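# Observations on the model geometry
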Amino acid sequence: MTLEVLACDLDGTLAQTYAPISVEMADILKKFMDSGRQLVLLTDEIEENIEQRVIRFFMDKSGMHIFSDGGAVGFSFIDNKPTEYYRVCFQNQQIRMIEEVITNIFGEFRLEPDRSRYRYGVQVRGEPTDSQLKQLDSDLKARNLPEIMSYIGRGILRFNPFGKHKALNYFLGLTNISEEDVILIADQTSMYRSDWRLFNRFRKSTRVHVGPKELAMDDDSILYPGETNEHTTLDFLRQLKRRI
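These notes cover the structure that comes with them. (Residues numbered from 1 in each chain as written. Predicted model: local features only at pLDDT ≥ 70, side-chain atom pairs only at ≥ 80, totals over all residues. Heavy atoms only, no water.)

### Some points on the packing of aromatic side chains
Within a pair of aromatic rings, the relevant descriptors are the distance that separates the centres and the angle that separates the planes. Applying the stated rule across the entire model yields nine aromatic pairs. On the basis of an interplanar angle of 10° and a centroid distance of 5.7 Å, the ring pair of Phe67 and Tyr85 is categorised as stacked. Of this pair, Phe67 sits in strand E3 (residues 64-68) while Tyr85 sits in strand E5 (residues 81-87); the two residues are 18 residues apart in sequence, bridging distant segments of the chain. Classification of Phe67 as buried rests on a relative accessible area of 0%. Their ring planes at 70° and their centres at 6.5 Å tell us that Phe67 and Phe171 sit as a pair that is edge-to-face. In this pair, Phe67 is assigned in strand E3 and Phe171 in helix H5 (residues 164-175), connecting sequence segments 104 residues apart. Clustering of aromatic rings is evident, with ring pairs tying together Phe67, Tyr85, Tyr86, Phe162, Tyr170 and Phe171. When the ring centre of Phe202 is taken as reference, the NZ or CZ atom of Arg201 above it lies at 4.5 Å. (Phe/Tyr/Trp six-rings, centres within 6.5 Å; stacked < 30°, edge-to-face > 60°. Helix = DSSP H or I, 4+ residues; strand = E, 2+ residues; numbered from the N terminus. Buried < 20%, exposed > 50% of the residue type's maximum accessible area, 1.4 Å probe, protein only. Lys NZ or Arg CZ within 6 Å of the ring centre and 35° of its normal.)

### Focus: the sheet that holds strand E8 (residues 149-153)
In spatial order, the strands read E6-E7-E9-E8; together these four strands make up an open sheet with antiparallel pairing. Two strands in the sheet have a free side with no partner beyond their single neighbour: strand E6 (109-111) and E8. The average angle at which neighbouring strand axes cross in this sheet is 30°, direction not considered. Note that E6 and strand E7 (residues 120-124) share three bridges and pair antiparallel. The partner of Arg110 across the bridge, within E7, is Gln123. Running over the sheet, helix H3 (residues 92-106) touches E6, E7 and strand E9 (156-159) and is turned about 15° from E7. Contacts between helix H4 (residues 130-142) and the sheet are confined to E8 and E9, with E8 contributing the most and set at about 150° to the helix. (Pairing = 2+ DSSP bridges. Axes fitted to C-alpha atoms, helices over the stretch in contact; angles between N-to-C directions. Contact = heavy atoms within 4.5 Å.)

### Examining the sheet that holds strand E11 (residues 206-209)
With mixed pairing, seven strands are arranged side by side in an open sheet as E5-E4-E3-E2-E1-E10-E11. Every other strand in the sheet has two partners, leaving E5 and E11 as the edge strands with one partner each. Strand-to-strand, the axes of this sheet are offset by a mean angle of 20°, without reference to chain direction. For strand E4 (residues 73-78) and E5, the ladder comprises six bridges, and the chain directions are antiparallel. Each residue of the ladder has a partner; that of Ser76, found in E5, is Thr83. Strands in contact with H5 are strand E1 (5-8), strand E2 (38-42), E3, E5 and strand E10 (182-186); relative to E2, the strand with the most contacts, it is inclined by about 155°. Docked against the sheet, helix H7 (residues 229-243) engages E1, E10 and E11, running at close to 165° with respect to E10.

### Regarding the environment of Leu172
Counting through the fold element by element, Leu172 comes out in helix H5. Along the sequence, Leu172 and Ile244 sit 72 residues apart, while their C-alpha atoms lie 21 Å from each other.

### Considerations on the nonpolar core
Leu6, Ile21, Leu29, Phe58, Ile185 and Leu237 are the most contacted members of the largest nonpolar core, which totals 35 residues. Among the elements of the structure, E1, helix H1 (23-34), E2, E3, E4, E10 and H7 are those that each provide at least two residues to this core. Leaving out residues up to four positions away in the same chain, Leu237 has contacts with Leu6, Met25, Ile28, Leu29 and Ile185. Core analysis: the second largest hydrophobic core is formed by 21 residues, Phe90, Ile95, Ile102 and Val122 among them. (Core = buried A, V, L, I, M, F, W, Y, C linked by side-chain atoms within 4.5 Å.)

### Concerning the pairing of E4
Most of E4 sits inside the fold, with five of its six residues counted as buried. The pairing of E3 with E4 spans three bridges and is antiparallel. Counted as the bridge partner of Phe67 is Gly74 from E4. The antiparallel pairing of E3 with E4 creates a hairpin that spans four residues between the two strands, and Asp69 there sits at a positive phi of about 55°. Connecting E4 to the antiparallel partner E5 that follows it, the hairpin turn spans two residues, and Asp79 within it adopts a positive phi of roughly 55°.

Structure (structure tokens):
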């Protein structure tokens, strides 16, 4: 493996939810990019909040690639100015198909307001069973809407037109970098959670799970937990920094 890309979730991985990254985290990420490697941020955070939470800590933004809104918005920087990769949103007909599938499986639901204008969220009654989630995934795929659903908890389902796994696949295709040369860090990788498809799709990468064991896809990826997820990530990145 030749390490070329550090691909990270933000909330619960690099920073606490809604909080900016720490000065120490920013310093480690700067050193990583200064070595000529690429930082790929894959986050559910909306585009409008990325400046305050991450970007402002970096004078030199070359080597930084942001995929916000769950992957639906992608951009990098040329001469420290944002340069857009893409924006993807649902069409009205796709929303209607999603609602039809939800109704068939769960009956009544209510809209769950989402801060992102690119995603679509609902809340169903009760806790969905694994079989219901699998049926939902299958029925959406049959309508040519594959791999768009994640389960947030508390009956909340989120639908994303271009998820994190598709965003990372786009970036690797664009740069011709192999997934074997990627370190992937996230905190919710169990089935149908927000980072599951990342870990499932990129099994040849070095996968690092920093969240609770019950939210992990498998035992092999789990790090010994620190005081918080962010401390776990920092400990891992400190060790990584010594090797690069």
